[in-house]
Amino acid sequence: MTLDFLSRKTGVIVGDDVKNLFKYAHEKGFAIPAINVTSSSTAVAALEAARDANSPIILQTSNGGAAYFAGKGVSNKDQKASIAGAVAAGNYIRSIAPTYGIPVILHSDHCAKKLLQWFDGMLAADEAYYKEHGEPLFSSHMLDLSAENDDYNISTCAKYFKRMAKMDQWLEMEIGITGGEEDGVDNGHVHKSALYTSSETVFSVYEALAPISANFSIAAAFGNVHGVYKPGNVVLQPKLLGEHEKYAKAKLGTKEDKPLFLVFHGGSGSTEQEFKTAIDLGVVKVNLDTDTQYAYLTGIRDYVLKYKDYIMSQVGNPEGADLPNKKYYDPRNWVREGEKTMSARINKALITFNAVGQLN
Ligand SMILES: [Zn+2]
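Keep in mind it's a predicted model, so treat the numbers as computed, not measured.

**Focus on the pairing of strand β6 (residues 170-175)**
Regular strands place their side chains on alternate faces of the sheet.
Step number 1: Of all the 6 residues making up β6, 6 are buried; the element is thus mostly covered by neighbouring parts of the structure.
Step number 2: The alternating pattern of β6 places Trp170, Glu172 and Glu174 and Leu171, Met173 and Ile175 on opposite faces, both of which are buried.
Step number 3: Here strand β5 (residues 140-143) runs beside β6; their pairing, made up of 4 bridges, is parallel. Following the sheet pairing, His141 is matched in β6 by Leu171.
Step number 4: The β-α-β motif built from β5, the intervening helix α6 (residues 150-165) and the parallel element β6 has right-handed crossover chirality.
Step number 5: Sheet analysis places β6 next to strand β9 (residues 216-220), joined by 5 bridges and oriented parallel. Bridge assignment links Ile175 to a residue of β9, and that residue is Ala220.

Right, dumping it as structure tokens:
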């Protein structure tokens, strides 16, 4: 691997390594998929896909996904399960990631205003980790205050970013609204104009955050929708992203064509051409959740249907009434099938995002 711009080439990366990896993605014209993980099984499925494609990867936990990592039976009063689960996922991924030999960005997904207690809890864990190891537990976090007014959104991001910058941590923020429904947040009914962010608004985010640190990215809305729906209602306009970059370039008077790091949310169900355009124009991270959830199911579904008559009891199957079925119901066999189909879906994304072989 000739990734001289990375001080750490395998395992979870932090600080300027994150920025340098995104810069590299800008230069080479690829985006890194961000995979929502809810368990060790989904985490290794994502790591395996990236390792086999020789690509970097972003693993992220949503608020609900983090709580699930802690255990669905744990109360989430005061965000305790989501905080504990995010920390558990973070420590697990940190331990296992170097085994896969690729750089991994450890991230947390959407945090809305009502979930700020979760964000505070994760930052406290990052600060504790920083004290011990000289780096935060998480590479980056996302704040999504896009449902609030822009002033509140931007000023609150700036406030948190000051705290995060002390640890050289990356911030992803959202401005304008991603439509649809994800993780219990339903934006299915917002006005269509809110689904497209203007270049002026995007640049005002840059102006507020850049003096604090260079380590941030912007998820600007360009008609994207979480989940998979019938097409036609909202039109995706990835070309808007290029206008944001052009506007920022002109305002800054820089030679750099892509001064902004942009993020693509609600990628499931988008066309290959839409991804290619968005990546050409400055997107370095694409979130993928809905499609990988479905992919994870398909392997397990097909296994269960194929071996239906071998899993109805512990003993006895079509080949003999006394035969044991242990090898069919061992979770290492049927859960593994879900990992394989999830990995295959991620591999498809890595190809679409031009990320395959970028670590060569
Ligand atoms: Zn999203």
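**Brief notes about the side chain of Ser199**
Step number 1: Within the secondary structure, Ser199 sits in helix α7 (residues 199-209).
Step number 2: In this structure Ser199 comes out as buried when scored by relative accessible area, which is 12%.
Step number 3: Within the structure, the side chain of Ser199 is placed 2.8 Å from the side chain of His244, a separation counted as a polar contact.
Step number 4: For Ser199, the residues in contact, after removing those within four places along its chain, are Glu243, His244 and Tyr247.

**Things to note about the nonpolar core**
Step number 1: Counting residues in each nonpolar core, the largest one holds 92 residues, and the members touching the most others are Leu59 and Ile218.
Step number 2: Sorting elements by how many residues they give to this core places helix α2 (residues 40-53) first, with 8 residues.
Step number 3: Beyond its immediate chain neighbours, meaning those up to four positions away, Ile218 contacts Met173, Ile175, Val202, Val205, Tyr206, Leu260, Phe261, Leu262 and Val263.

Reading guide: rules and limits
Residues numbered from 1 in each chain as written. Predicted model: local features only at pLDDT ≥ 70, side-chain atom pairs only at ≥ 80, totals over all residues. Heavy atoms only, no water. Buried < 20%, exposed > 50% of the residue type's maximum accessible area, 1.4 Å probe, protein only. Helix = DSSP H or I, 4+ residues; strand = E, 2+ residues; numbered from the N terminus. Pairing = 2+ DSSP bridges. Right-handed = clockwise from strand over helix to strand, strands pointing away. Polar contact = N/O pair within 3.5 Å; in protein donor to acceptor, adjacent residues only side chain to side chain. Contact = heavy atoms within 4.5 Å. Core = buried A, V, L, I, M, F, W, Y, C linked by side-chain atoms within 4.5 Å.

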